[in-house]
Amino acid sequence: MDFSFHHVLMTGRGGTTAVYGLMWQLHSQASSPQNLEFYPLTPDRWQDFERLFGEHGACSGCWCMWWRLKRSEFAKNTGQKNKRMMKRIVDSGRVPGILVYAGGSPAGWCSVAPREAYPVLDRSLTLKRIDERPVWSVVCFFVAKPFRSQGLMTSLLKAAIEHARQGDAKIIEGYPIEPKGRRMSGSEGFTGVTSAFERAGFVEVIRRSPGRPIMRYFVPDS
Ligand SMILES: CC(C)(COP(=O)(O)OP(=O)(O)OC[C@H]1O[C@@H](n2cnc3c(N)ncnc32)[C@H](O)[C@@H]1OP(=O)(O)O)[C@@H](O)C(=O)NCCC(=O)NCCS
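Because the structure is a prediction, the values reported are computed rather than measured.

How each quantity is defined
Residues numbered from 1 in each chain as written. Predicted model: local features only at pLDDT ≥ 70, side-chain atom pairs only at ≥ 80, totals over all residues. Helix = DSSP H or I, 4+ residues; strand = E, 2+ residues; numbered from the N terminus. Buried ≥ 20, exposed ≤ 12 C-beta atoms within 10 Å, placed from the backbone. Contact = placed C-beta atoms within 7 Å. Expected span 1.5 Å × (residues − 1). Arc of directions from axis to C-beta. Core = buried A, V, L, I, M, F, W, Y, C linked by C-beta atoms within 7 Å. Near = placed C-beta within 6 Å. Nonpolar A, V, L, I, M, F, W, Y, C, P; charged D, E, K, R; others polar. Pairing = 2+ DSSP bridges. Right-handed = clockwise from strand over helix to strand, strands pointing away.

## Thoughts on the overall build of the protein chain
Thought 1: Regarding its fold elements, the protein chain presents five helices and nine strands.
Thought 2: Burial statistics for the protein chain: of 222 residues in total, 37% are counted as buried.
Thought 3: In the protein chain, of all internal contacts separated by at least 6 residues, the share reaching a separation of at least 24 is 58%.

Now the structure itself:
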């Protein structure tokens, strides 16, 4: 697999804005669709995010706010309010994650940011901090149905690592599950699966609950 990383001049939709950004291209991964491109979610890509997430905001009106809001707030905000909150994050210039495009169309999403972006993690006995080292967290995946079961999760993880490295991350953390041969349904695998994290270079660092390890990728010293 050849995973190359480029600095590019990205022109906003409609050609009105031009910003320097990051793009990664994935060439000929055995099981992945060809011509994958990965971009941080910036305001000019909001419409693609909307298109990917569809009328249900990926799942149950979430709009990727699950790890960002206390459960009581989340429950009050499902649907349009969550969507507006996510749009405010994007418009503020904070990057909440990365999009993958297959053949030019938005095909998947991975939420990755400094762990502080996801305060709910620390309310969980299973996922609370394991030490005080600064980490970035990968908390959610959403792959459009036509592109599922083609290895996109691993590809997204590799792009998430690159994105976090550009933000000077030294450790990237994930909270996957292990389907153990069982078929996952609905949104069950939204935090990812251990095998994909292993393939991307993550290792298990702690397991406070049988089915939910915390895994880390340690950025090699350059
Ligand atoms: C879960 C999901 C992200 C998987 O993405 P994907 O690109 O299809 O996954 P991959 O093809 O890269 O597979 C990675 C691993 O997960 C396994 N896997 C993927 N889907 C699976 C399923 N439904 N059941 C069991 N295992 C599954 C694959 O077999 C593979 O395992 P392996 O490494 O042992 O071969 C995708 O199905 C999805 O987006 N589901 C909806 C999640 C959601 O609702 N997110 C938003 C929440 S608000």
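## Regarding helix H3 (residues 80-91)
Thought 1: Taking 1.5 Å of rise per residue, the twelve residues of H3 would be expected to cover 16 Å, and the 16 Å separating its terminal C-alpha atoms lies within 8% of that figure.
Thought 2: Regarding H3, the residues found buried are Asn82, Lys83, Met86 and Val90. On an axial view of H3, the arc spanned by its buried residues comes to 100°, and they lie on one face. In H3, those exposed residues whose orientation departs by more than 90 degrees from the buried face are Gln80, Arg84, Arg88 and Asp91.
Thought 3: Two residues or fewer after H3 comes glycine 93, characterised by a positive phi angle close to 100°.

## Overview of the nonpolar core
Thought 1: Judged by nonpolar contacts, the single largest core of 56 residues is most densely connected at Ile98, Val100, Phe141, Leu156, Leu157, Ala160 and Ile172.
Thought 2: With eight residues, the single largest contributor to this core is helix H4 (residues 152-166).
Thought 3: Beyond its immediate stretch of four places on either side in the chain, alanine 160 contacts Ile98, Cys110, Val112, Val138 and Ile172.

## Description of helix H1 (residues 46-53)
Thought 1: Turning to H1, its buried residues are Phe49, Leu52 and Phe53. Looking down the long axis of H1, one finds its buried residues gathered within 90° of arc, a one-sided arrangement. Residues of H1 that are exposed and point over 90 degrees away from its buried face: Gln47 and Arg51.

## As for the site of the ligand
Thought 1: By nearness alone, 23 residues border the ligand, and Arg148, Met153, Ser187, Gly189 and Ser195 come closest of all.
Thought 2: Among the elements that make up the shell around the ligand, the one with the highest residue count is strand S6 (residues 136-143) (four residues).
Thought 3: Its residues placed into classes, the shell around the ligand shows 14 nonpolar, seven polar and two charged.

## What to know about unusual backbone geometry
Glycine aside, a negative phi is what most residues show, and trans is what most peptide bonds show.
Thought 1: Look at tryptophan 63: it is not a glycine, yet its phi comes out positive at around 55°.
Thought 2: For tryptophan 63, the position within the fold is in the loop between H1 and helix H2 (71-77).
Thought 3: Of note, lysine 180 is a non-glycine position whose phi angle comes to about 50°, a positive value.
Thought 4: By the secondary structure assignment, lysine 180 is in the loop between strand S7 (171-174) and helix H5 (194-199).

## Structural notes on the environment of arginine 84
Thought 1: Positionally, arginine 84 belongs in helix H3.
Thought 2: By C-beta crowding, arginine 84 is classed as exposed, having 11 other C-beta atoms within 10 Å.
Thought 3: A sequence separation of 21 residues divides arginine 84 from tryptophan 63, and the C-alpha atoms of the two residues are 9.0 Å apart.

## Comments concerning the pairing of S6
Thought 1: Within S6, eight of the eight residues are buried, which leaves the element mostly enclosed by the surrounding structure.
Thought 2: In terms of strand pairing, strand S5 (residues 105-114) meets S6 through seven bridges, oriented antiparallel. Counted as the bridge partner of proline 114 is tryptophan 136 from S6.
Thought 3: Inspection of the sheet shows S6 paired to S7 by three bridges, in the parallel sense. Bridge pairing links serine 137 to glutamate 173 in S7.
Thought 4: Taken together, S6, H4 and S7 constitute a β-α-β crossover, and its handedness is right-handed.

## Here we look at the pairing of S7
Thought 1: Where S7 and strand S9 (residues 212-218) come together, four bridges link them in antiparallel fashion. Of the residues in S9, the one forming a bridge with isoleucine 171 is phenylalanine 218.

## Structural notes on the environment of valine 139
Thought 1: Along the chain, valine 139 turns up in strand S6.
Thought 2: Overall, valine 139 belongs to the buried group, with 26 C-beta atoms counted inside 10 Å.
Thought 3: In the structure, valine 139 is positioned 29 residues away from cysteine 110 in sequence and 7.6 Å away in space, judged by C-alpha atoms.
Thought 4: If we skip the residues at most four places from it in the chain, valine 139 touches Trp67, Ser111, Tyr118, Tyr175 and Thr191.

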